[in-house]
Amino acid sequence: MTNPVTLLAGIRVVSIEQYIGAPYCTSLLADAGAEVIKVEQPGKGDPRRDYEPRRGSGADALSGGFASYNRGKRSVELDLSIEAGRADLTRLLGTADVFVSNLRPGALAKLGFGRARLESDFPNLVVCELSGFGQTGPYAQWPAFDSAIQAMSGLASLLGDSADAPPQLAPMGTMDLLGGIYAALGILTALVGRRSTGKGTHVDASMFDIGAAFLERPLALHEFTGEVPTRGADGFSPVGTFIAGDGKWVSVVIPTDEMWRRCCQAMNRPDLVDHHDIDTVVKRARRMRDIVLPELTRWASDFTRDEAISRLRDAGQPAGAVLDIGEVRRDEHLAARGLFVPVEHPEAANADGSLISLPRLPLLFDGLDAVPGPIPMLGETTVDELVKARS
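Criteria and thresholds
Residues numbered from 1 in each chain as written. Predicted model: local features only at pLDDT ≥ 70, side-chain atom pairs only at ≥ 80, totals over all residues. Heavy atoms only, no water. Pairing = 2+ DSSP bridges. Helix = DSSP H or I, 4+ residues; strand = E, 2+ residues; numbered from the N terminus. Axes fitted to C-alpha atoms, helices over the stretch in contact; angles between N-to-C directions. Contact = heavy atoms within 4.5 Å. Phe/Tyr/Trp six-rings, centres within 6.5 Å; stacked < 30°, edge-to-face > 60°. Buried < 20%, exposed > 50% of the residue type's maximum accessible area, 1.4 Å probe, protein only. Salt bridge = Lys/Arg side-chain N within 4 Å of Asp/Glu carboxyl O. Core = buried A, V, L, I, M, F, W, Y, C linked by side-chain atoms within 4.5 Å.

(A) Quick look at the sheet that holds strand β9 (residues 239-243). Read across the open sheet, the three strands follow the order β9-β10-β11; overall the sheet is antiparallel. Strand pairing shows two members of the sheet lacking a second neighbour, β9 and β11 (319-321), which therefore form its edges. With strand direction ignored, the average angle separating the axes of adjacent strands in the sheet is 25°. Pairing between β9 and strand β10 (residues 249-253): five bridges, direction antiparallel. Among the inter-strand pairings, Gly240 is bridged to a residue of β10, identified as Val252. Set on the sheet, helix α13 (residues 288-300) makes contact with β9 and β10; between it and β9 the angle comes to about 35°. The strands touched by helix α14 (residues 305-314) are β9, β10 and β11; relative to β11, the strand with the most contacts, the crossing angle is about 160°.

Below, the structure is given as structure tokens:
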């Protein structure tokens, strides 16, 4: 690391966090140079420290479920059930610019850190509470994990092959990650606003709000047409996948007449350009499965996936390979941009001497190296941080 990202240098974040949403939020801030103090339960820490797959054993083990969201932080163990722990948290907040929590609404108030006290005692502090349903509203006290928000936001109703198929869940914490990204955006917005107001702001981030807003296109279709989008083709977007001659898949979307012309050019099928069943965008969207994709499949049967994609791109038609996770990890473009960086942890070494590598902050800043910091051991900086806070 020759010139690390320090754009948020001088910003100090204290976070009572666990699982994914808030940890991902603060990991993004840490990647950009903020100092992040992760407050954890003594002897246990974030529950994701124990998630499989793991390397090593005991308190020093490295969990894949923890490493992804906790790079570059400092771990402090505080027992917030006792007065001494709460007093130490108060001292830490006195040194902070930002306070993050993804505890259930009302939990901070029960600990003595309700909104009124925070605004009174720490008027310059940006406070971000990320929860399933926000701090207000009829669902505010409901517990929520990512799967519940995927379902309630409408996302699960759209994932699947057809309306007759069961709803599906994305196989990663989609709503947790979106919640973390939007929480980070809210924090940065509040920090910029503090420059002019001189005061902190309370950011109320609801995963349900964020998840629903993320589905802007299906919601717009519903508002404009009265229809309820469901699994399978929505009838307005000519998008889908087809298989090439080597058994690998290609993704394509053809949103304009000009792109359809280019697609037909790549296939050497000028007769399809003005075919009466597929001569408009909407017609192609509604006949994607029984006409457009079968035609693409027939054409691509003579080529490998990469050859088919190359011919489409040469004609000016965007197309993408459906990569498996192994292919993503080995992709030359991502390697050239340095997306995957080695994890700093005693248990990160592979048998061949290489190190486990995970994605950095997926942004590049001119002249700066986006390299995450090490994964913290539980409570490794408790003494240092409390000595500083008490002085």
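(B) View of the sheet that holds strand β8 (residues 202-206). What the six strands build is an open sheet, ordered β5-β2-β1-β6-β7-β8; its pairing is parallel. Pairing within the sheet leaves two strands with one partner each, and these edge strands are β5 (73-77) and β8. Strand after strand, the sheet turns through a mean of 20° between neighbouring axes, direction not considered. Relative to β8, strand β7 (residues 126-131) is paired through five bridges, and the arrangement is parallel.

(C) Highlighting the packing of aromatic side chains. Under the counting rule described, the total for this entry stands at eight aromatic pairs. For the ring pair Phe133 and Trp142, a centre distance of 5.7 Å and an interplane angle of 85° mean the geometry is edge-to-face. Given a relative accessible area of 42%, Trp142 falls into the partly exposed group. Centre to centre, the rings of Phe133 and Phe208 are 5.6 Å apart; their planes meet at 75°, and the pair counts as edge-to-face. Taken together, the residues span a long stretch of sequence, with Phe133 in the loop between β7 and α6 (146-152) and Phe208 in helix α9 (residues 207-214) at a distance of 75 residues. Summarising the burial analysis for this pair, Phe133 and Phe208 share the class buried. Each member of the aromatic cluster is reached from another via a ring pair, and the members are Phe133, Tyr139, Trp142 and Phe208.

(D) Representation of the pairing of β9. Burial along β9 is one-sided: Gly240 and Phe242 are buried, and none of Val239, Thr241 and Ile243, which face the opposite way, are. Two successive antiparallel strands, β9 and β10, enclose a turn made up of five residues, where Gly247 displays a positive phi of approximately 80°.

(E) Local environment of helix α1 (residues 21-31). Most of α1 sits inside the fold, with 11 of its 11 residues counted as buried. Among the residues of α1, Gly21, Ala22, Pro23, Tyr24, Cys25, Thr26, Ser27, Leu28, Leu29, Ala30 and Asp31 are the ones counted as buried. Buried residues in α1 make contact with β1 (12-16), β2 (35-40), β5, β6 (98-101), β7 and α8 (174-197). Gly33, located one to two residues past α1, shows a positive phi value of around 110°.

(F) Molecular detail of the pairing of β7. The buried fraction of β7 amounts to six of the six residues, a majority that puts the element mostly inside the structure. The two faces of β7 match: Val126, Cys128 and Leu130 on one face and Val127, Glu129 and Ser131 on the other face are all buried. Bridge count for β6 against β7 is four bridges, and the pairing is parallel. What sits directly across from Val100, in β7, is Cys128.

(G) Structural detail: the pattern of salt bridges. Summed over all chains, the structure comprises 29 salt bridges. Where Asp306 meets Arg305, a salt bridge forms, and the shortest distance between an N and an O atom there is 3.3 Å.

(H) Seen up close, the nonpolar core. Ranked by internal contacts, the top residues of the largest apolar core, which has 39 residues, are Ile11, Val13, Leu29, Val98, Val100 and Ile187. Every element with two or more residues in this core is listed here: α1, β6, β7, α8, β8 and α9. Apart from the residues lying within four places of it in its own chain, the contact partners of Val13 are Thr26, Leu29, Ala34, Glu35, Val36, Ile37, Val98 and Val100. One finds Ile291, Phe303, Ala308 and Ala315 within the second-largest nonpolar core, a separate group that totals 26 residues.

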